[in-house]
Amino acid sequence: MIKEINYKKKFNIDNFPSVLVEFLITVLGFIPILITVGIVGIFLYETWAFFQVVSVGEFLGSREWTPNFSDPQFGIIVLLSGTFLVTIIALLVAIPVGILGAIYLSEFAPKNVRRFLKIAMESLGGIPGVVYGYFALLFLTPLLRNSLFPNMGGFNALSAGICVGILIIPIISSLTEDALSGISDDLRNSAYALGFTRFEMIYKVLLPLTYPAILSSFTLATSVALGETMVVAIASGQRPNLTLNPLQPIETITSFIIKVSLGSVQFDSILFKTIFTLGFILFLVTFTLNTISYWLQNKSEKQLFSFSTSVNKLAKKELINVNQETNVIPAFYSSGGNSYQPLLRESLSAPGLKAPINNVRLWCDRTFTILAFLGAIFGVVFIAILLWNLSQTGLEKINWAFLTSFASRRAEESGILSALVGSLWLFILTLVMVIPLGVGSAIYLEEYRKNKRIDNILEISIANLASIPSILYGLLGLQIFVRWMRPITGGPSILSGALVLTVMSLPTLIIASRSAIKSSSKRLKNGGYALGMSKQQVLRKLILPSALPGILTGVLLSQTRALAETAALIGVGVAASVRFLPPLSWQGLQSSYTTLPVQIFNWLQNPSAQVQQLAAAATIVLVVILIILNLFSVLIREYFNNLQRN
């Protein structure tokens, strides 16, 4: 084993640059902990101030939620009922579809079909919440009201819950499929050798083995559903209502925070303290769920690794024994192709064999196969319906005048120029700030970390920061960038928006960059050290070029999330619309702005059919931009992969 050279044994002028770089990288590595501490500290402070005004008894016992009335009531149970109602509906949608889709992709789908369906399924998680809100309000609610529930209101919990469920399907399907794929094929072969059908093999063997990973996907999906903001803000009505009837309008914790943020809440007012108290409760709940999910994932990986290792050893041992005794391959192993195909009824009915599988078991197997297929194609069907609906409503509105005009009170003259330019501003500024912070932090975590306890805290912090609701980042930005740093940022400005998006995108880039650096060959590092290269030379000349495709993919993924973000920007005071273009100067960075998702959200608040047609047209533009970015990400990754192979 070739070890790296330690340059820190004696500090001198020659190794000063190396020590300085390592110090800077170490500082970057601790940024996630600083963000977590900042969130906890600020939210805890404002929550303490809130309970100096409102008693805990009133907060937990009142059945009214009217904090902006002259006689305010603070009964959190009203918001909790709406939040949990939407979450339960979402899980009822996401769990069966996600599990069935994952099983089909892992156990049934051919390779090329699996790749196509998986991309479609995972794309559901990349669709912005404001687009789901548009779909729930203008397509799903009218469809349900005209076909199943004539008494359903225009705003309701059912449509919002269904769309939140569609949004979290990829979380369940991805984690479950990964766990299923990690199980040894010997277990499948053993089950088939005992006469199990494929359904029985999955039900009795695979699912019990992967239950920690499946539970982990449920807790993570629950966390995301609890914190989803834009879908419920658009489709559920934002009306505090203590009910469990999904056909009525409700208000959730996140939709209340958005409603108050739209009114430019006054600092230090009771409403200001209220939204931070709600944010703190949401943070505690999602932090707990994310930590449980993180623990379950680690447990599942260790359990599967240990079990697969034991099974492989036993299978090899038995196979060697059988070959030595009979010099033939056991009957339940096929001689080629897919070695774990089930024993079909046709093969079992061959002369000399008696089929052990009766018709009832075969029909159960076929029905399960059809259900799993329907779960797997859900992503394709939903995207097709969404694009069809958007094109029917807004395609005719898209023209040059629409792209180059400012927003206007007259719908026929309104356009998206300022929103497009605002999104471009944020995209560039976030890109400039997030790359050094995210890549530097990832380098520290993979190459320089030394204290195991601190490393565990860092990993948990990053996993939680990647999963907490974006509206919490908005509240964090409101306190730090808008309030405390107003002399620098100018308050609710482009710079404040870019800073909060940088903080929000950072965990995604850190995770992607860590994965890319980790996948770099260990032999590559040892080869560099064998040639006498320093650690930083190995990083600069070998590791980072090798990890570049993965890092670039992570950059584009984080930027796509930033470009589609709405809730965090509303939290830091983005304007509903502006009729100017910010200049390329420091004053431009401190000026007001709007973005494309925010423009769509504000248009959806207007009941006019003409304005909602504008929202559909702007949604098409947003979706096209996101698709181009995703395709660009794939092309870059393929280009660098081909370059490295050649």
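None of the values given here were measured: they were computed from a predicted structure.

1. Regarding the pattern of salt bridges
Okay, so step 1: Following the criterion strictly, the structure yields nine salt bridges and no others.
Okay, so step 2: One salt bridge in this structure joins R410 and E412, with 3.4 Å as the shortest N-O distance.
Okay, so step 3: By relative accessible area, R410 is classed as partly exposed at 47%.
Okay, so step 4: Assessed through its relative accessible area of 46%, E412 is described here as partly exposed.

2. Digging into empty space enclosed by the protein
Okay, so step 1: By the definition in use, this model includes two cavities of 30 Å³ or more.
Okay, so step 2: Computed from the structure, the largest cavity encloses a volume of approximately 60 Å³.
Okay, so step 3: For the largest cavity, the full set of lining residues is S423, L426, F427, T430, L501, Q559, A562, L563, E565, L569 and T595.
Okay, so step 4: Mapped by element, the contributors of at least two residues to the lining of the largest cavity are helix 18 (417–448) and helix 24 (535–564).
Okay, so step 5: By residue number, the principal contributor to the lining of the largest cavity is helix 18, which donates four residues.
Okay, so step 6: Grouping the amino acids of the lining of the largest cavity by side-chain chemistry returns six nonpolar, four polar and one charged.
Okay, so step 7: Forming the walls of the second largest cavity are T83, V86, T87, V164, A225, L226, E228, V232, T252 and T254.
Okay, so step 8: Going through the elements one at a time, helix 4 (76–108) and helix 10 (211–227) are the ones with two or more residues in the lining of the second largest cavity.
Okay, so step 9: For the lining of the second largest cavity, the element with the highest residue contribution is helix 4, accounting for three residues.

3. Focus on the side chain of T83
Okay, so step 1: With respect to the helices and strands, T83 occurs in helix 4.
Okay, so step 2: Once residues lying within four places of it in the same chain are set aside, the contact partners of T83 are L226, E251, T252 and I253.

4. Overview of helix 18
Okay, so step 1: Helix length check: helix 18, at 32 residues, gives a terminal C-alpha distance of 46 Å against a target of 46 Å (1.5 Å per residue), a fit within 8%.
Okay, so step 2: Of all the bends found along helix 18, the most pronounced is centred on V434 and spans about 35°, while P436, a proline, follows it within four residues.
Okay, so step 3: In terms of burial, helix 18 is largely enclosed, as 23 of its 32 residues are buried.

5. Considering the layout of surface pockets
Okay, so step 1: The computed volume of the second largest pocket comes to approximately 320 Å³.
Okay, so step 2: As for the second largest pocket, its lining consists of 19 residues, and the residues nearest its centre are S261, S264, P492, V572 and G573.
Okay, so step 3: Elements supplying a minimum of two residues to the lining of the second largest pocket: helix 12 (253–262), helix 20 (470–484), helix 25 (567–571) and helix 27 (596–604).
Okay, so step 4: For the lining of the second largest pocket, the residue count by class is 12 nonpolar, six polar and one charged.

6. Details of the nonpolar core
Okay, so step 1: Ranked by internal contacts, the top residues of the largest apolar core, which has 180 residues, are I35, Y132 and L569.
Okay, so step 2: Ranked by residue count, the leading element in this core is helix 4, at 17 residues.
Okay, so step 3: Beyond its immediate chain neighbours, meaning those up to four positions away, I35 contacts L465, Y473, L476, V503 and L506.

7. Describing the packing of aromatic side chains
Okay, so step 1: If you walk through the whole model with that rule in mind, you get 19 aromatic pairs.
Okay, so step 2: Aromatic pair F267 and F272: ring centres 5.4 Å apart, planes at 90°, arrangement edge-to-face.
Okay, so step 3: For F272, a relative accessible area of 0% corresponds to the buried category.
Okay, so step 4: On the numbers, 4.8 Å between centres and 45° between planes, the contact of F272 with F276 is tilted. On the criterion of helical spacing, the pair formed by F272 and F276 is a turn pair, its members being four residues apart in helix 13 (residues 270–326). F276 matches F272 in its accessibility class, with the two residues each being buried.
Okay, so step 5: A network of ring pairs unites the aromatic residues F50, F51, F59, W65, F74 and F256 as a single cluster.
Okay, so step 6: When the ring centre of W363 is taken as origin, the NZ or CZ atom of R366, which lies over that ring, is 5.4 Å away.

Criteria and thresholds
- Residues numbered from 1 in each chain as written.
- Predicted model: local features only at pLDDT ≥ 70, side-chain atom pairs only at ≥ 80, totals over all residues.
- Heavy atoms only, no water.
- Salt bridge = Lys/Arg side-chain N within 4 Å of Asp/Glu carboxyl O.
- Buried < 20%, exposed > 50% of the residue type's maximum accessible area, 1.4 Å probe, protein only.
- 1 Å grid on protein atoms, 1.4 Å probe; cavity = no way out; pocket = protein on both sides within 12 Å on 5 of 7 lines; lining within 4 Å.
- Points joined across faces, edges and corners; volume = space filled by probe spheres on them.
- Helix = DSSP H or I, 4+ residues; strand = E, 2+ residues; numbered from the N terminus.
- Nonpolar A, V, L, I, M, F, W, Y, C, P; charged D, E, K, R; others polar.
- Contact = heavy atoms within 4.5 Å.
- Expected span 1.5 Å × (residues − 1).
- Bend = angle between axes of the 7 residues up to and from the residue.
- Core = buried A, V, L, I, M, F, W, Y, C linked by side-chain atoms within 4.5 Å.
- Phe/Tyr/Trp six-rings, centres within 6.5 Å; stacked < 30°, edge-to-face > 60°.
- Lys NZ or Arg CZ within 6 Å of the ring centre and 35° of its normal.

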